[in-house]
Protein chains: 2
Amino acid sequence: MTELSPTAHVILGMVSREPRSGYEIKSLVDNSTRFFWAASYGQIYPELKRLSEAGLVKGSDVPRGERKRTVYSITAKGMEALKGWLREAPATFEMREEGLLKLFFSGVLPPEEAAATLRAMREHRLGVAERLRSFEPEAMERAEGAEDGDPFPLMVLQSGIEFNEWFAEWCERMTDRLLGSPAPERSS
Amino acid sequence: MTELSPTAHVILGMVSREPRSGYEIKSLVDNSTRFFWAASYGQIYPELKRLSEAGLVKGSDVPRGERKRTVYSITAKGMEALKGWLREAPATFEMREEGLLKLFFSGVLPPEEAAATLRAMREHRLGVAERLRSFEPEAMERAEGAEDGDPFPLMVLQSGIEFNEWFAEWCERMTDRLLGSPAPERSS
DNA sequence: ACAGGCATGTAAATAGTTACATGATTCG
DNA sequence: CGAATCATGTAACTATTTACATGCCTGT
């Protein structure tokens, strides 16, 4: 059995609690893991086929009304693969943050133009934080319930909120530092 | 003129202050932008050739002792391209953080095993923070000098230090939350 | 009737890593 | 002398995005 691809792990995780269609997996990813692990249709559908052939998931036809639809559930073998992977130490840590890259080279521009980058970064991070916040109530519900509640999606969601808010605040601080504002009173 | 690749921008930025060889660009990237924007030889050398053909950089033979070596300097056209790009709002924000992904799915494991992921993540982040800190004195030197000092590499480096330390601390807090530690006294 | 969401997929292109190959020079 | 570092490059592979294609169903 060749090594599973990163996307394979995402899929296994996504179907580990309940069966889902490719379309559902994609929208789930977009509403949850997206900020630290994205996936596109171009990866999901072919990977579902591969996983199915390898016997790690199993597809069944479950039409929604008249519209046909295939949902995939995890097999015993798939669950073993998922757990095995979860037990290995994480090894991929990547970031592509164009704003920091631009900032890094901003010495060739006048400070006001570098500040514009910082402001754009801040706007973006505030927007993401807000978007993530909108998912919080739902994740909180999922976290409750002593027997079958799952606290991890909420935990991870909150890391995203905190990270984005930290980053936005950092941008603000750096804008001040760059444009030389008078040291502000600490509010709160 | 077709759109420049992401790596092209990295290269333009890296040669914008002084001429550098491909090898130097690579080690510079590894010691600076790497934590938010990596690049490999497999991208750098071919891209240098393309940029050279497009007239955005210019290569010259500058041997170091007897060892031959080509350094690339930015052209007027290249500088324009760099500045144009710097003035556009950043558009790429990506992360691949395997630890968060594992955590997200950790509901299928007993809590102690999820905590192991958090601990591994914390170790990793502390290590990165330490590594980044070791570059700080050098970046501080570069930042000084009213006339030609460049404060941006230091700024960006400090964002990395702060981010990694925040993340490590978050992992700690989540480990506590997960294993249900008694509310700790705030030290400091 | 039409917009928007549900649903599945593929082709082409882009991006990026890894491994390999080669060889010089420098330092201990 | 051997290891590390300087230096340049390529080939093969893996990963991922984007754009396209198709068509049904639901609500307004």
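So, how was this worked out
- Residues numbered from 1 in each chain as written.
- Chains lettered and ligands numbered in written order.
- Predicted model: local features only at pLDDT ≥ 70, side-chain atom pairs only at ≥ 80, totals over all residues.
- Heavy atoms only, no water.
- Least-squares fit on C-alpha atoms with pLDDT ≥ 70 in both.
- Helix = DSSP H or I, 4+ residues; strand = E, 2+ residues; numbered from the N terminus.
- Buried < 20%, exposed > 50% of the residue type's maximum accessible area, 1.4 Å probe, protein only.
- Contact = heavy atoms within 4.5 Å.
- Pairing = 2+ DSSP bridges.
- Near = heavy atom within 4 Å.
- Polar contact = N/O pair within 3.5 Å; in protein donor to acceptor, adjacent residues only side chain to side chain.
- Nonpolar A, V, L, I, M, F, W, Y, C, P; charged D, E, K, R; others polar.
- Domains from an automatic or database assignment.
- Buried area = accessible area lost by both parts, 1.4 Å probe.
- Salt bridge = Lys/Arg side-chain N within 4 Å of Asp/Glu carboxyl O.
- Patch = residues over 30% accessible without salt bridge, like charges linked within 9 Å, V, L, I, M, F, W, Y side chains within 5 Å.
- Areas by Shrake-Rupley, 256 points an atom, 1.4 Å probe, with all protein chains shown as cover.

## Concerning the relation of the copies chain B and chain A
Phase 1: Under the fitted operation, chain B is carried onto chain A by 0.0 Å of movement along the axis and a turn of 180°, and the coordinates agree to an RMSD of 0.0 Å. This pairing of chains is accounted for by a two-fold axis. In terms of C-alpha distance to the rotation axis, chain B has M95(B) as its closest residue, with the C-alpha 2.2 Å off the axis.

## What to know about the side chain of T7(B)
Residues and elements named next belong to chain B.
Phase 1: Locating T7 in the fold gives a position in helix α1 (residues 6-14).
Phase 2: Owing to a relative accessible area of 9%, T7 belongs among the buried residues under this scheme.
Phase 3: Discounting residues that sit within four places of it in the chain, T7 has contacts with Q43 and E47.

## Re the sheet that holds strand β2 (residues 57-61) of chain A
Phase 1: With antiparallel pairing, the three strands of this open sheet are ordered in space as β1-β3-β2 (chain A). Bordering the open sheet on either side are β1 (20-21) and β2 of chain A, each of which pairs with just one other strand.

## Structural notes on the protein's contact with DNA strand C
Phase 1: Close to DNA strand C lie 22 residues, the nearest being R67(A), T70(A), S40(B), Q43(B) and E66(B).
Phase 2: Of what DNA strand C places within 4 Å of the protein, 66% of the atoms are sugar or phosphate.
Phase 3: Taking S40(B), its side chain carries an N or O atom lying 3.4 Å from a phosphate oxygen of DNA strand C.
Phase 4: For the surface near DNA strand C, the secondary-structure elements that each account for two or more residues are α2 (22-31) and α3 (41-53) of chain A together with α1 and α3 (41-53) of chain B.
Phase 5: Here the surface near DNA strand C takes four residues from α3(A), the largest share from any one element.
Phase 6: Residue classes in the surface near DNA strand C are distributed as five nonpolar, nine polar and eight charged.

## Overview of helix α1 (residues 6-14) of chain A
Phase 1: Among the nine residues in α1(A), eight count as buried, and that is most of the element.
Phase 2: Every buried residue of α1(A) is listed here: T7(A), A8(A), H9(A), V10(A), I11(A), L12(A), G13(A) and M14(A).

## Side note on the domain arrangement of chain A
Residues and elements named next belong to chain A.
Phase 1: Segmenting chain A into domains produces domain 1 (6-87) and domain 2 (98-178).
Phase 2: The straight-line distance from the C-alpha centre of domain 1 to that of domain 2 is 28 Å.
Phase 3: Together domain 1 and domain 2 conceal approximately 550 Å² of surface at their shared face, both sides included; 59% is due to carbon and sulfur atoms.
Phase 4: Looking at the side of domain 1 facing domain 2, the largest losses of area belong to R17, N31 and F35, adding up to 78% of the total buried there.
Phase 5: Linking domain 1 with domain 2 are one salt bridge, by the criterion used here.
Phase 6: For D150, the salt bridge identified is with R17, shortest N-O distance 3.5 Å.
Phase 7: Where domain 1 packs against domain 2, one counts one residue pair in polar contact (both at pLDDT 80 or more).
Phase 8: Among the residues making up the side of domain 1 that touches domain 2, the classes are represented as two nonpolar, one polar and two charged.

## With respect to the interface of chain B and chain A
Phase 1: Tallying the contact residues gives 63 residues for chain B and 63 residues for chain A.
Phase 2: Broken down residue by residue, the surface that chain B buries against chain A is led by R96(B), F104(B) and F152(B), which jointly contribute 13%.
Phase 3: Counting every contact that joins chain B to chain A gives four salt bridges.
Phase 4: The salt bridge involving E162(B) is made with R173(A); its shortest N-O contact spans 2.6 Å.
Phase 5: At the junction of chain B with chain A, the criterion picks out 26 residue pairs in polar contact (both at pLDDT 80 or more).
Phase 6: Elements that contribute at least two residues to the side of chain B that touches chain A include exactly α1, α4 (76-87), β4 (93-97), α5 (98-104), α6 (111-134) and α8 (152-179) of chain B.
Phase 7: The element contributing the most residues to the side of chain B that touches chain A is α8(B), with 15 residues.
Phase 8: Relative to β4(B), strand β4 (residues 93-97) of chain A runs antiparallel, the two sharing five bridges. Looking at β4(B), one finds that R96(A) is bridged to E94(B).

## So, a nonpolar patch on the surface
Phase 1: A grouping of Y23(A), Y41(A) and Y45(A) is seen on the molecular surface, where their side chains present a nonpolar patch of about 340 Å² in accessible area.
Phase 2: Mapping Y23(A) onto the fold places it in helix α2.

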